[in-house]
Amino acid sequence: MRVGTVKEIKNHEYRVGLTPESVRELVAHGHEVWVETGAGSGIGASDEDYRAAGGTIKPTAAEIFAECEMVVKVKEPQAVERAQLRKGQILYTYLHLAPDPEQTADLVRSGVTAIAYETVTGVDNSLPLLKPMSQVAGRMSIQAGATALEKANGGRGVLLGGVPGVLPAKVVVIGGGVVGFNAAQMAVGLGADVTILDRDPGVLERLDSHFEGRARTLYSGRAALAAEVAEADLVIGAVLVPGAAAPKLVTRDMLKTMKPGAVLVDVAIDQGGCFETSKATTHAEPTYVVDGIVHYCVANMPGAVARTSTYALNNVTLPHALRIADMGWKAALKANPHLAAGLNVHEGQITYEAVAGDLGYDYVPTESLLG
Ligand SMILES: NC(=O)C1=CN([C@@H]2O[C@H](COP(=O)(O)OP(=O)(O)OC[C@H]3O[C@@H](n4cnc5c(N)ncnc54)[C@H](O)[C@@H]3O)[C@@H](O)[C@H]2O)C=CC1
Ligand SMILES: CC(=O)C(=O)O
Ligand SMILES: [Mg+2]
């Protein structure tokens with residue numbers, strides 16, 4: 001198969017779909033790999049590195065979209081990229097369609113076969129292609145929150161760990177999955193006073209046993225959530241209902257109960273965000289203020305630590321990329337139900353139930369397409 005990867009064009013997105021090492025693996029499997037010039041510059045990989053791995057450098061993304069059977073990316077295709085997608089082509093990348101009707105309509109129109117990293121499943125119903133980026137974003141959320149809490153950045157001027165004689169900041173993490181666990185680890189490490197809310201008793205049990213009192217766990221009911229948010233210096237939004245738009249757990253009214261200069265970091269923004277007042281921001285302008293509360297809502301947080309993130313991402317995306325390239329998408333999905341869970345759009349049909357439900361499309365089960 002001819003596989004291609006392009007330079008990411010989302011604001012301050014420095015990751016790349018394929019590392020030179022991944023290109024070498026695809027080439028070893030007998031595939032041809034086209035790489036847009038400069039695609040790896042954000043991770044310190046030169047065109048020469050890709051050539052040495054057996055890749056072919058192309059001067060423009062247009063050639064890659066026009067000629068490659070599969071395009072491997074990181075972020076959801078931007079409008080100019082979507083205009084170049086076509087029927088018979090496979091797009092393998094993050095999509096986050098449920099909160100993004102425009103992108104969904106363009107993918108439907110294009111006829112492309114789009115496999116979303118974030119809905120590919122693992123044996124224990126985990127999301128293994130989302131996990132490494134959630135680890136990165138969870139860890140970064142505390143750095144981002146700590147910076148936003150600085151007075152010069154609009155925050156209330158609080159140091160997460162406090163100092164001897166002054167209490168630490170109160171960090172509230174909503175959602176105790178991969179993002180939430182990693183955020184809590186960092187916040188605990190810095191000496192903050194950490195509470196994690198979730199609705200899954202198994203998750204609460206695992207967190208309680210892991211942190212052994214260094215972080216508290218709390219069932220995420222409305223009253224408990226409202227009380228915790230009112231007391232917090234920093235709130236991390238880390239909930240996920242796979243594939244679906246995030247539930248709005250912190251309402252605008254709740255902001256009025258918060259301490260002026262407190263900070264909300266909405267990691268769940270890529271699924272639409274779990275705070276009513278969240279809107280996606282970029283690394284160029286990551287924060288804004290509503291009712292005195294600082295919001296950080298960057299939808300591609302891992303893009304800022306592109307090298308760590310790209311290698312972590314390729315570790316989990318490459319095995320499926322090889323399967324798709326070796327077998328073709330249909331046979332690969334038929335042979336692997338976890339990969340099949342990644343198919344969101346095929347030839348104008350929505351094949352992911354939560355996306356169809358949230359955006360009002362008919363749902364066509366993937367199994368019905370695999371024959
Ligand atoms: N902004 C960014 O750059 C990035 C964003 N993300 C996003 O972060 C979000 C979280 O991802 P993961 O941690 O991997 O998901 P996960 O599935 O590991 O964890 C989500 C947790 O939310 C909990 N939850 C669901 N509804 C809840 C509610 N009403 N109250 C409390 N908890 C609730 C679930 O029980 C689960 O434990 C996703 O939207 C993901 O796409 C991930 C990586 C990067
Ligand atoms: C998961 C995701 O959206 C990201 O890594 O940017
Ligand atoms: Mg994202």
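Since we're looking at a predicted model, the values are computed, not measured. (Residues numbered from 1 in each chain as written. Chains lettered and ligands numbered in written order. Predicted model: local features only at pLDDT ≥ 70, side-chain atom pairs only at ≥ 80, totals over all residues.)

1. Remarks on the overall build of the protein
Phase 1: Of regular secondary structure, the protein possesses 15 helices and 15 strands.
Phase 2: Taken against the 2.2 N^0.38 rule, which gives 21 Å for 371 residues, the C-alpha radius of gyration of the protein at 21 Å falls within 12% of a compact globule.
Phase 3: Principal axes of the C-alpha set define a box for the protein whose edges measure 65 × 45 × 35 Å.
Phase 4: When each of the 371 residues of the protein is scored for burial, the buried share is 52%.
Phase 5: By sequence separation, contacts in the protein at least 24 residues apart represent 65% of the contacts at least 6 residues apart. (Helix = DSSP H or I, 4+ residues; strand = E, 2+ residues; numbered from the N terminus. Rg over C-alpha atoms; globule rule 2.2 N^0.38 Å. Buried ≥ 20, exposed ≤ 12 C-beta atoms within 10 Å, placed from the backbone. Contact = placed C-beta atoms within 7 Å.)

2. Digging into the UniProt feature "binding site: substrate" (unreviewed entry) in the protein
Phase 1: Those places that UniProt annotates as "binding site: substrate" (unreviewed entry) correspond, in this numbering, to Arg15 and Lys75. Despite a sequence span of 61 residues, these residues sit close together in the fold, their greatest C-alpha distance being 8.8 Å.
Phase 2: Along the chain, the position of Arg15 falls in the loop between β1 (2–5) and α1 (20–28).
Phase 3: With 29 C-beta atoms counted inside 10 Å, the residue Arg15 sits in the buried group. (UniProt positions renumbered as here; feature names shortened; annotations may be inferred.)

3. Considering the domain arrangement of the protein
Frequently, the measure chosen for interface size is the accessible area removed from exposure when the parts meet.
Phase 1: What the domain assignment reports for the protein is domain 1 (2–119 + 306–370) and domain 2 (131–299).
Phase 2: One C-alpha centre belongs to domain 1, the other to domain 2, and the line joining them spans 31 Å.
Phase 3: Facing 16 residues of domain 1, the contacting portion of domain 2 comprises 13 residues. (Domains from an automatic or database assignment.)

4. Notes on the site of ligand 1
Phase 1: Near ligand 1 you find 33 residues, and of these Ser134, Gly175, Gly177, Val179 and Met301 are the closest.
Phase 2: Among the secondary structure elements, those contributing two or more residues to the shell around ligand 1 are α6 (131–148), α7 (178–189) and β8 (193–198). (Near = placed C-beta within 6 Å.)

5. Details of the environment of Gln135
Phase 1: Within the secondary structure layout, Gln135 lies in helix α6.
Phase 2: C-beta crowding within 10 Å serves as the criterion here: with 19 such atoms nearby, Gln135 is assigned to the partly exposed category.
Phase 3: Sequence separation between Gln135 and Gly177 is 42 residues, and the spatial gap between their C-alpha atoms is 9.7 Å.
Phase 4: Not counting the four nearest positions on each side in its chain, Gln135 is found in contact with Val178 and Asn182.

6. Brief notes about the packing of α6 against α7
Phase 1: Remark: α6 packs on α7, axes separated minimally by 7 Å, with the N-to-C direction vectors making an angle of 35°. Crossing of α6 against α7: the hand is right-handed. On α7, the residues that touch Lys131, Ser134, Gln135, Ala137, Gly138, Arg139, Ser141 and Ile142 of α6 are Val178, Val179, Gly180, Phe181, Asn182, Ala183, Met186 and Ala187.
Phase 2: When the residues that make up the contact of α6 with α7 are grouped by side-chain class, the tally is eight nonpolar, six polar and two charged. (Axes fitted to C-alpha atoms, helices over the stretch in contact; angles between N-to-C directions. Left-handed = near helix turned anticlockwise from the far one by under 90°. Nonpolar A, V, L, I, M, F, W, Y, C, P; charged D, E, K, R; others polar.)

7. Here's the deal with the sheet that holds strand β14 (residues 343–346)
Two pairing modes exist for strands in a sheet, parallel and antiparallel, and in both the strands are linked by backbone hydrogen bonds.
Phase 1: The strand order across the open sheet formed by eight strands is β3-β2-β1-β4-β5-β6-β14-β15, and the pairing between neighbours is mixed. The two strands at the open ends of the sheet, each matched to only one other strand, are β3 (56–58) and β15 (349–350).
Phase 2: The pairing of strand β6 (residues 113–116) with β14 spans three bridges and is classified as antiparallel. Following the sheet pairing, Thr113 is matched in β14 by His346. (Pairing = 2+ DSSP bridges.)

8. Some thoughts on the pairing of β6
Phase 1: Here β6 shows a buried face lined by Thr113 and Ile115 and a second buried face lined by Ala114 and Ala116.
Phase 2: Here strand β5 (residues 90–93) runs beside β6; their pairing, made up of four bridges, is parallel. Residue Leu91 lies in a different strand from β6, and its bridge partner there is Ala114.
Phase 3: You can see the chain leave β5, run along helix α5 (residues 101–110) and come back into β6, and the turn it takes is right-handed. (Right-handed = clockwise from strand over helix to strand, strands pointing away.)

9. Some remarks on the sheet that holds β8
Phase 1: Overall, mixed pairing links the seven strands, which are arranged β9-β8-β7-β10-β11-β13-β12 in an open sheet. The strands lining the two open edges of the sheet, one partner per strand, are β9 (215–219) and β12 (287–290). Between one strand axis and the next, the sheet turns through 20° on average, direction left out of account.
Phase 2: Pairing of β8 with β9, which is carried by five bridges, proceeds in the parallel orientation. In the strand pairing of β9, Leu197 is matched with Leu218.

10. Section: the environment of Ala227
Phase 1: Locating Ala227 in the fold gives a position in helix α9 (residues 222–231).
Phase 2: According to the C-beta neighbour criterion, Ala227 is partly exposed, with 14 such atoms within 10 Å.
Phase 3: Once the C-alpha coordinates of Ala227 and Glu13 are considered, the two residues, 214 residues apart in sequence, prove to be 36 Å apart.

11. Some details on the pairing of β8
Phase 1: Burial within β8 is extensive, with six of its six residues counted as buried.
Phase 2: The two faces of β8 match: Asp193, Thr195 and Leu197 on one face and Val194, Ile196 and Asp198 on the other face are all buried.
Phase 3: Alignment of strand β7 (residues 170–174) against β8, held across five bridges, turns out to be parallel. Pairing of Val171 across the sheet is with Val194, part of β8.
Phase 4: Regarding the hand of the β-α-β motif, the stretch spanning β7, α7 and β8 is right-handed.

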